[in-house]
Amino acid sequence: MAQAELKEAVTENDVTLSHQQYLTFMLGGETFAIGILAIKEIIEYGQLTEVPRMPDFIRGVINLRGAVVPVIDLKARFSNRLTEVARRTCIVIIEVQSGDDETQDIGILVDAVNEVLEIPQPDIEPPPSFGAAIESRFINGMGKVNDKFVIILDIAHILMIDEISQLAADHTESVSPLANNEGSDESSD
Amino acid sequence: MDMDDALQTFMAEGHELLEDMENALLSIESDPDNEDTINAIFRAAHTIKGSAGLFGLNYLVTFTHVVESVLDRVRAREVAISTDLVALLLSSCDHLTDLMDWVARGEDDVSDSLARKSLGIEENLKVFLDTPVAGAGEQVSADSSAAEDGHSADVDADEPPVAEPALTEKDLWHISLRFGPDVLRHGMDPVSFIRYLATLGTIHHIETLLDAIPDAGNMDPETCYTGFEISLHSTQSKEAIEGVFEFVSEESQIHILAPDCLQEEYIRLIKALPEEDMKLGEILVRCGTLTHRELESALQQQQSSGNSLQPIGEMLVEKNVVNSEVVNAAVRKQKTVKEARPPEASLIRVDADKLDNLINLVGELIIAGAGTNILALRSGQSDLIESTETLSRLVEEVRDSALNLRMVQIGSTFNRFQRVVRDVSQELGKDIRLTINGGDTELDKTVVEKIADPLTHLVRNSMDHGIEAEEVRLAAGKPAHGSLMLNAYHDAGSIVIEVSDDGGGIHKDRILSKAIEKGLISENSAAAMTDKDIFNLVFEPGFSTADQVSNLSGRGVGMDVVRRNIESLRGTVEMDSQDGQGTMARIRLPLTLAIIDGFLVGVNQSAYVIPLDMVVECVEYGAWKESDNSHCLNLRGEVLPYIRLSEYFETQNPGHSSERESVVVVRFGDSKVGLVVDRLMGEFQTVIKPLGKLFNGVGGISGFTILGSGDVVLILDIPSLINDAGTLLYQTDRQAMTA
């Protein structure tokens, strides 16, 4: 069973890694990259509506031409520190699988977007097993660009709807005014 | 592809017909002499058979044929309506539904078990066919059923002509038949007229005219579209031939041309015929102006000369086979016939997706309109403001009528329960009568579809557990027959559906002991529970009070599913009961699922929408500030629990305190709650956007909407807020008690 899962994960990685083009962006002073195939568009940070009782990394929802799109703060997801909104803050709209045939758009909040570039396969190293700033299961690989490493994110993994909604539900439970006092410990996240 | 569409239509209509048939069967039991009902049943079976024949669904045709034959005898008063017969016909109905479902799976032949079942029911039905009857009707009925054995819609056209040597060419009558559209509705089968005609002589040739049949989507299977051109060898008089069609003569076009008639008569006939797009030569042949031999020789010549482009009509004129005047009349006919199309039917079947699309678009229109309104107000141009106001009024009307398109009456869903009640009461050996009220109450189609299952469960539950056995009822001084009532009405922006019975009611103590036994509640909390809370325990998962498990209910699965299904429609369900008097389950559902009128309120920097239908009133909060920590207000002597939205949603409030807080009193069902907000921002049309997977767990919120300014705001989930307010109140009480 575990082996099968591993195998599946590997093939998934292969597919993701075969994208040769990546969007690089800044997040908390570090450079990250994601494959461009999943990206629908990049928009300026605009009016965002907060949704109460959500974990911090779910910043809220925006109106994307009539559709309501949730926005996730990647920095908060990785490090529990909120992204501060500045002049170059952007929202990258990404299409993720949310079911068998369904897709959902999710926005991710980034400090700034840099460029779209090609990282050839040989320049991509496997993710380090420890020492990275973020959990290694979120990393697809380390890409070498101009002798510097950029972290290539496994965006499908990070934005796994089921996992996020589970986190959100757990959080809601713990902050609900109905919950008993012992449950409202926020650091449990 | 077209055939698939047609099949879809056939399925939909077939199911409707079966439903009608079932309803008619249920009502005929109590009123066996109602001819209209008998005819309705017959027509339903007949139409299904006919349409099934069109699709070549032989197993349906064969089975329905037997049903129809029995019904035919019923119609002819040769077989009396009896409970057995109705039961048998009802099971035939069910079997037909099964067969239809099989058709939907797109397989050519039925499974063995279904085929066996068909045969079984057919055997039983045939008993009614074989019973002898008084009077001369027997012969006729036997004839017609025998005659119809081989009949499916297309057989008639190629009946083999039987030559009778005694007759000569000059006895060849030409009969042109166009059956009126209502012939089938009046219970008459065109085929039987033709069969009767055949007894007067020999049908030399018959052409079936199907040109009037619209494409399957628009076709009404109860309407007769067919016409026939018949040439008949007969020595009978014109009166005798006319007599054949006496019953349909008023509504149908019937032209009978004597063997020796003049060419002018033929021309007149061509002018009178409603057909279009027919090949000229064919018209002529069908009119009997030409014999087949003449046409064949014309065709042969056409082939041999290789001039295949020359129309048969011209060819015939060249050959002087027909008078050119006749051809010209036919040509004129082809040109003018398009103007005389039949009027459209008053009902249109629309794809549900198209409707959804329209409603989505209307939703976008409302949002865009609200944006325009804001811009207009900002510009300060009075004429612009005026025109946008007109526009938004129109948009509102468009919204209402678009939403109305999806509204259907709940009556058809209710009527289905006549059957359920009949079957279940027989199974249980109880005499139970169903009363239906408010069947014309309208609600959204999706809601209607999804409410049927929970309703069935509640109805069965009432019959099984609620209504007592006859002896018990009589002992309690109640009438021997139990009553079940389905009631629907509109109330405060929602629709209420009640399922009530006059049975024994719910025993509180039994519920409590059961709930404690199953660990659903503790003994302590049981003491604090209100009657309503106790009754509603039946909706908890894993709860069942029936001492006996029957195959109907009592396995403890179901009531929680009922509640879940209803809640997924944003509705609620609750139980009410009077010991010894009966039980009532009350379902409350929102009217629509897409667009509502909303009331916008502000809390700190955020805005929220409250469904306007649920708002009772708005009052100033200031007057009650002193009683702040009781979570309760005194509203004109009434205890009103309240929720401070800023606390509830934990919106950050850095040192900000609004001067004029307001309380919005909202109501859902019997409960009221006050919501403390900072600002009241007025009402506006709200397009509900679903929360989506990510936010499904958020309490107190039922969806998003987009304001005219483009901002996303949250729609409050009032039922869950009311629920939470009750719990908050309870907790505060407890804290106050322990302190």
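The text that follows walks through the structure, step by step, so that each part is easy to find.

Procedures and definitions
- Residues numbered from 1 in each chain as written.
- Chains lettered and ligands numbered in written order.
- Predicted model: local features only at pLDDT ≥ 70, side-chain atom pairs only at ≥ 80, totals over all residues.
- Heavy atoms only, no water.
- Helix = DSSP H or I, 4+ residues; strand = E, 2+ residues; numbered from the N terminus.
- Buried < 20%, exposed > 50% of the residue type's maximum accessible area, 1.4 Å probe, protein only.
- Areas by Shrake-Rupley, 256 points an atom, 1.4 Å probe, with all protein chains shown as cover.
- Contact = heavy atoms within 4.5 Å.
- Buried area = accessible area lost by both parts, 1.4 Å probe.
- Polar contact = N/O pair within 3.5 Å; in protein donor to acceptor, adjacent residues only side chain to side chain.
- Nonpolar A, V, L, I, M, F, W, Y, C, P; charged D, E, K, R; others polar.
- Pairing = 2+ DSSP bridges.
- Axes fitted to C-alpha atoms, helices over the stretch in contact; angles between N-to-C directions.
- Parallel < 35°, antiparallel > 145°, perpendicular 65-115°, else oblique.
- Left-handed = near helix turned anticlockwise from the far one by under 90°.
- Phe/Tyr/Trp six-rings, centres within 6.5 Å; stacked < 30°, edge-to-face > 60°.
- Lys NZ or Arg CZ within 6 Å of the ring centre and 35° of its normal.

### Describing the overall build of chain B
Summing up its helical and strand segments, chain B has 24 helices and 21 strands in all. Burial analysis of chain B (739 residues in total) assigns 46% to the buried set. Counting only carbon and sulfur atoms, one obtains 50% of the accessible surface of chain B, whose full area is about 37200 Å².

### Quick look at the environment of B:Met463
Residues and elements named next belong to chain B. Looking at where Met463 falls in the secondary structure, it is placed in helix α17 (residues 445-466). Along the primary structure Met463 and Val421 are separated by 42 residues, whereas in three dimensions their C-alpha atoms are 7.9 Å apart. Not counting chain neighbours up to four residues away, the residues in contact with Met463 comprise Val421, Val424, Ser425, Leu428, Lys430, Ile432 and Leu484.

### A few points about the interface of chain A and chain B
Taken together, the contacts link 28 residues of chain A with 24 residues of chain B. Buried area between chain A and chain B, summed over both chains or domains, comes out near 2200 Å², and the portion from carbon and sulfur atoms is 65%. Where chain A packs against chain B, one counts two residue pairs in polar contact (both at pLDDT 80 or more). Contributing elements (two or more residues each) for the side of chain A that touches chain B: β4 (58-64), β5 (67-73) and α4 (161-175) of chain A. Among the residues making up the side of chain A that touches chain B, the classes are represented as 15 nonpolar, ten polar and three charged.

### A word on the sheet that holds strand β7 (residues 103-110) of chain A
All names here are of chain A. The strand order across the open sheet formed by five strands is β3-β6-β7-β5-β4, and the pairing between neighbours is mixed. Each having just a single partner strand, β3 (39-44) and β4 make up the two edges of the open sheet. Adjacent strand axes in the sheet meet at a mean angle of 30 degrees when their direction is disregarded.

### Some details on the side chain of B:Arg422
All names here are of chain B. As for its position among the elements, Arg422 is in helix α16 (residues 411-428). Judged by relative accessible area, which is 11%, Arg422 ranks as buried. Arg422 has contacts with Leu26, Glu29, Thr83, Val86, Ala87 and Leu90, leaving out every residue within four places of it along the chain.

### Some words on the packing of α16(B) against α17(B)
Residues and elements named next belong to chain B. Put simply, α16 and α17 touch, their axes get as near as 10 Å, and they point 30 degrees apart. Judged on the interaxial angle alone, α17 and α16 are roughly parallel. At the point where α16 passes α17, the crossing takes the right-handed sense. Each of Thr413, Phe414, Arg416, Phe417, Val420, Val421, Val424, Ser425 and Leu428 in α16 lies in contact with α17, whose residues at this interface are Val448, Ala452, Leu455, Thr456, Val459, Arg460, Met463 and Asp464. A class-by-class count of the residues in the contact of α16 with α17 yields eleven nonpolar, three polar and three charged.

### So, the packing of aromatic side chains
Within this structure, the stated rule accounts for six aromatic pairs over all chains. Between A:Phe78 and A:Phe138, the ring centres sit 5.8 Å apart and the planes meet at 40 degrees, which makes this aromatic pair tilted. One end of the pair, A:Phe78, is in helix α2 (residues 74-79); the other, A:Phe138, is in the loop between β9 (124-125) and β10 (139-145), and 60 residues separate them in sequence. Residue classification places A:Phe138 among the buried positions, given a relative accessible area of 1%. Ring pairing ties together the aromatic residues A:Phe25, A:Phe32, A:Phe78 and A:Phe138, which thus form one cluster. Here the guanidinium or amino end of A:Arg53 rests over the ring plane of B:Tyr648, the centre of that ring lying 4.2 Å away. Over the ring of A:Phe57 we find A:Arg77; its NZ or CZ atom is 4.9 Å from the centre of that ring.

### A few points about the sheet that holds strand β15 (residues 632-635) of chain B
Residues and elements named next belong to chain B. With mixed pairing, five strands are arranged side by side in an open sheet as β14-β17-β18-β16-β15. What marks the edges here is a single partner per strand, and that holds for β14 (615-620) and β15. Taking the axes of each pair of neighbouring strands and ignoring which way they run, one obtains an average angle of 35 degrees across the sheet. Where strand β17 (residues 662-668) lies against strand β18 (residues 671-677), seven bridges are found, and the strand directions are antiparallel. Paired with Val664 across the two strands is Leu675, which belongs to β18.

Spatial relationships are all this shows, so hold off on functional conclusions.
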